[in-house]
Amino acid sequence: MEASVNTGRVRIKSSLYSHWVDRPIRPISLRQLFFFGRTLTESRLLSSANYVRMELPTRIAHRLREMQRLPYVVVTNPHLSTVYELYYKAFETFRRTPVIRTVKENEDFCKVISENLREHLAVIPNLVMGVLECQDLVPPDAMDKFVQAMLRARISRRVIAEQHLALTDTFNSPWHVEQPSAEDEFVGEVLLRCNAKDIIERVGKFTQDICKSLAGPDAIVPEIKIQGHVNATFPYVLSHLEYITGELLRNSIQAVMAKYNNPRQPPPPIEVLICEAPQQVVIRISDQGGGVPREIAPFLWSFNKGPRSAERLQKFRDVPTLAATMQEVRQPAGNKPSGKHRDSSLSTLASRPPDLRLGMGLPMSRVYAEYWAGGLELHSLEGYGVDAFLQISKIGNQNEQLTSRASIDA
Ligand code: COI
């Protein structure tokens, strides 16, 4: 008799996807993404399309299997089963897609990818609402590991899908040349020479403006001082770095503004130190915002625990879709400038209500940092302030990290 899996609303035949579950994932590095797309011929574009066509159902099948391993009462939670259904539908779509042989077939495939990227903006709010609602049903650490793995896998799928869409945009662009000049900075979503100082300055200014607009015209936002190896550059997905630094700077700015709210006295600055070593760049962001409150400290990295879970659950109920990085709020193909003329995705940051604090910025930032073999640590000096350490692997030759550091170490 054929085995089947019952997840509540979705019942599937396991033979349909066992082939995909058994298929190993083919991980990529930033360098591979970069160099593959650098000389963009039609045959390379088509092989990128076929890589995505095979990788997406494989990676989704692995997640479906993980969801099936959850206790029945958890996977039947309405939010988690919404996530399951989205994944299952996407799995069915991609596994049925025939080999892509022409540029026209690739155009159609890109429409399918874009449609899925849009539909899957519902994943994060549903995932987090689901785990918040189920927090008493599964040991909290197990639930956090589950969410982290889901988010890492989601980043990975979106990276390969977005990269392929970006390469297709570049291929179709009137400025496209097969041999790009050394000045072309972007290949797809990857920025070859991310300059930490420039990004912190830009994200900092943007975050200061948001915090000021929330606090009112009399509020004074702390200055951001940057020192150290200000010329350090490394390859990175710009929107990932913007997300992480935006969350860290926002935490710091808001903590300082809450502690120093006297309009006549300027608050102490946020100090950013950039430190470049042969293999890595470390960015330390230090504030004097009073440190992490004692009752929150143990739950800082958790998606599903903490004193404010009920409040967070309520906030998520008001957010039907949520873009984690702002790259996710993608402009339609063809509207996006390509190559060195591309802007950062910062302008689209505004698409999220600025006061929407969902309590997942830090754990999510760590997932992003670890994804490209980096890390994120926080040291809180209670009563004084916080030092956040963002470590970035500088060479870009490390594969995407699909398992957490904790589970590698274990
Ligand atoms: C996701 O956003 O969760 C995805 O899996 C997107 C992918 C289907 C293109």
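To be clear, the structure that these remarks concern was listed above.
Residues numbered from 1 in each chain as written. Predicted model: local features only at pLDDT ≥ 70, side-chain atom pairs only at ≥ 80, totals over all residues. Heavy atoms only, no water.

A closer look at the overall build of the protein chain
The cut-off we apply is this: Secondary structure elements follow DSSP: runs of H or I of four or more residues count as helices, runs of E of two or more count as strands, with numbering from the N terminus. Every residue pair with non-hydrogen atoms within 4.5 Å of one another is taken to be in contact. Calculation of accessible area relied on Shrake-Rupley with a 1.4 Å probe; when residues are assessed, cover is drawn exclusively from the protein chains displayed.
For the protein chain, the count of helices and strands is 13 helices and 10 strands. A fraction of 81% describes how many contacts in the protein chain between residues 6 or more apart in sequence connect residues 24 or more apart. Summed over all atoms, the accessible surface of the protein chain reaches about 18300 Å², with 53% contributed by carbon and sulfur.

Structural notes on helix H9 (residues 196-215)
Every α-helical turn comprises 3.6 residues, leaving residues that sit three or four positions apart pointing alike. Keep this limit in mind: By definition here, a helix of n residues has an expected span of 1.5 Å times n minus one.
Along its 20 residues, H9 runs 28 Å from first to last C-alpha, staying within 8% of the 28 Å computed at 1.5 Å per residue. Turning to H9, the residues buried within the fold contact strand E4 (190-195), strand E5 (224-228), strand E6 (233-237), helix H10 (238-259), strand E7 (270-276) and strand E8 (280-287). A positive phi of about 105° marks Gly-216, the residue just after H9.

A closer look at the site of the ligand
Going by this rule: By convention in these notes, a residue is near a molecule or strand provided one of its non-hydrogen atoms lies within 4 Å of it. Whenever two N or O atoms come within 3.5 Å, that pair is a polar contact, provided that in protein one can donate a hydrogen and the other can accept it, and provided that, for residues adjacent in sequence, both atoms are side-chain atoms.
Lining the immediate environment of the ligand, one finds Tyr-87, Phe-94, Asn-116, Leu-117, His-120, Arg-154, Arg-157, Arg-158 and Ala-161. A distance of 3.4 Å separates an oxygen atom of the ligand from a polar side-chain atom of Arg-154. Here Arg-157 contributes a side-chain N or O atom positioned 2.6 Å from an oxygen atom of the ligand. In the complex, 100% of the free accessible area of the ligand, which totals 290 Å², lies under the protein chains. Elements with a contribution of two residues or more to the shell around the ligand: helix H5 (78-95), helix H6 (103-119) and helix H8 (140-172).

Overview of the side chain of Asn-195
Residue position: Asn-195 is located in strand E4. Among residues more than four places away in sequence, those in contact with Asn-195 are Val-230, Asn-231, Ala-232 and Thr-233.

Topic: the pattern of salt bridges
Opposite charge on two side chains makes pairing possible when the charged atoms of those side chains draw close. What counts, and what does not: By convention in these notes, a salt bridge is any Lys or Arg side-chain nitrogen within 4 Å of a carboxyl oxygen on Asp or Glu. Accessible area is worked out with a 1.4 Å probe on protein chains only. A residue is then buried under 20% of its type maximum, exposed over 50%, and partly exposed in between.
Applying the stated rule across the entire model yields 18 salt bridges. The partner of Glu-115 in a salt bridge is Arg-118, and the shortest N-O contact between them spans 3.0 Å. One end of the pair is Glu-115 and the other is Arg-118, both in helix H6 and three residues apart, which spans about a single turn. Residue classification places Glu-115 among the partly exposed residues on the basis of a relative accessible area of 36%. A salt bridge links Arg-202 to Glu-242; the nearest nitrogen and oxygen atoms lie 3.2 Å apart. Taken together, the positions of Arg-202 in helix H9 and Glu-242 in helix H10 put the pair 40 residues apart, joining distant regions of the chain. Each of Arg-23, Glu-55, Arg-59 and Glu-400 takes part in one network of salt bridges that share partners.

Considering the sheet that holds E4
Our working rule: Strands are treated as partners if at least two bridges between them are detected by DSSP.
With antiparallel pairing, three strands are arranged side by side in an open sheet as E3-E4-E6. Strand pairing shows two members of the sheet lacking a second neighbour, strand E3 (186-187) and E6, which therefore form its edges.

Things to note about the packing of H5 against H6
Condition: In this analysis an axis means a line fitted to C-alpha atoms, helices contributing only their contacting stretch, and an angle means the value between N-to-C directions, from 0 to 180 degrees. An angle below 35 degrees is read as roughly parallel, one above 145 as roughly antiparallel, one from 65 to 115 as roughly perpendicular, and any other as oblique. Basically, the charged four are Asp, Glu, Lys and Arg, the nonpolar ten are Ala, Val, Leu, Ile, Met, Phe, Trp, Tyr, Cys and Pro, and anything else, Gly included, counts as polar.
The N-to-C vectors of H5 and H6 enclose an angle of 175°; their axes lie 11 Å apart at closest approach. The angle between the axes of H5 and H6 places the two elements in the roughly antiparallel class. Residues Leu-86, Lys-89, Ala-90, Thr-93 and Phe-94 of H5 form the contact with H6, whose participating residues are Phe-109, Val-112, Ile-113, Asn-116 and Glu-119. Residues that form the contact of H5 with H6 fall into these classes: six nonpolar, two polar and two charged.

Some thoughts on the sheet that holds E5
Backbone hydrogen bonds hold the strands of a sheet together, and the pairing may be parallel or antiparallel. Taken together, the five strands give an open sheet; going across it, the order is E5-E7-E8-E10-E9, and neighbouring strands pair in mixed fashion. Two strands in the sheet have a free side with no partner beyond their single neighbour: E5 and strand E9 (375-381). For this sheet, the mean angle separating the axes of adjacent strands, direction not counted, is 15°. Across the sheet, H9 lies against E5, E7 and E8, angled at about 170° from E5, the strand it touches most.

Let's talk about the environment of Val-74
Checked against the element boundaries, Val-74 lands in helix H4 (residues 72-75). By relative accessible area, Val-74 is classed as buried at 0%. Sequence separation between Val-74 and Val-147 is 73 residues; the distance between their C-alpha atoms is 13 Å. Here Val-74 is in contact with Leu-80, Cys-134, Leu-137, Val-138 and Met-143, once residues within four sequence places are set aside.

Brief notes about the nonpolar core
Note the cut-off: To qualify as a nonpolar core, a set must consist of buried Ala, Val, Leu, Ile, Met, Phe, Trp, Tyr and Cys residues joined through side-chain atoms within 4.5 Å.
Membership of the largest hydrophobic core comes to 105 residues, with the highest contact counts inside it found for Met-67, Phe-146, Tyr-236, Ile-283 and Trp-372. For this core, the leading source of residues is H8, giving 12 residues. Look past the residues within four positions of Tyr-236 in its chain and what remains in contact with it is Leu-30, Glu-189, Val-190, Leu-191, Cys-194, Leu-241, Ile-244, Tyr-368, Ala-369, Trp-372 and Ile-392.

Details of helix H12 (residues 361-371)
Most of H12 is tucked away, with 11 of its 11 residues classed as buried. At the C-terminal side of H12, Ala-373 shows a positive phi close to 60°.

Let's talk about the pairing of E4
Here E3 pairs with E4 via two bridges, running antiparallel. Bridge pairing links Phe-186 to Leu-191 in E4. Here E3 folds back onto E4 in antiparallel fashion, the turn holding two residues, of which Gly-188 has a positive phi close to 60°. As paired strands, E4 and E6 are joined by four bridges and run antiparallel to one another. What sits directly across from Val-190, in E6, is Val-237.

Brief notes about the packing of H6 against H8
Note the following rule: What makes a crossing left-handed is the near helix being turned counterclockwise from the far one by less than a right angle; a clockwise turn instead makes it right-handed.
Two elements in contact, H6 and H8, have axes separated by 10 Å at closest approach and are oriented at 135°. Viewed along their axes, H6 and H8 adopt a mutual orientation that is oblique. Note on packing geometry: the crossing formed by H6 with H8 is left-handed. Mapping the contact onto sequence places Val-103, Asn-106, Glu-107, Phe-109, Cys-110, Ile-113, Ser-114 and Leu-117 in H6 and Arg-158, Ala-161, Glu-162, His-164, Leu-165, Thr-168, Phe-171 and Asn-172 in H8.

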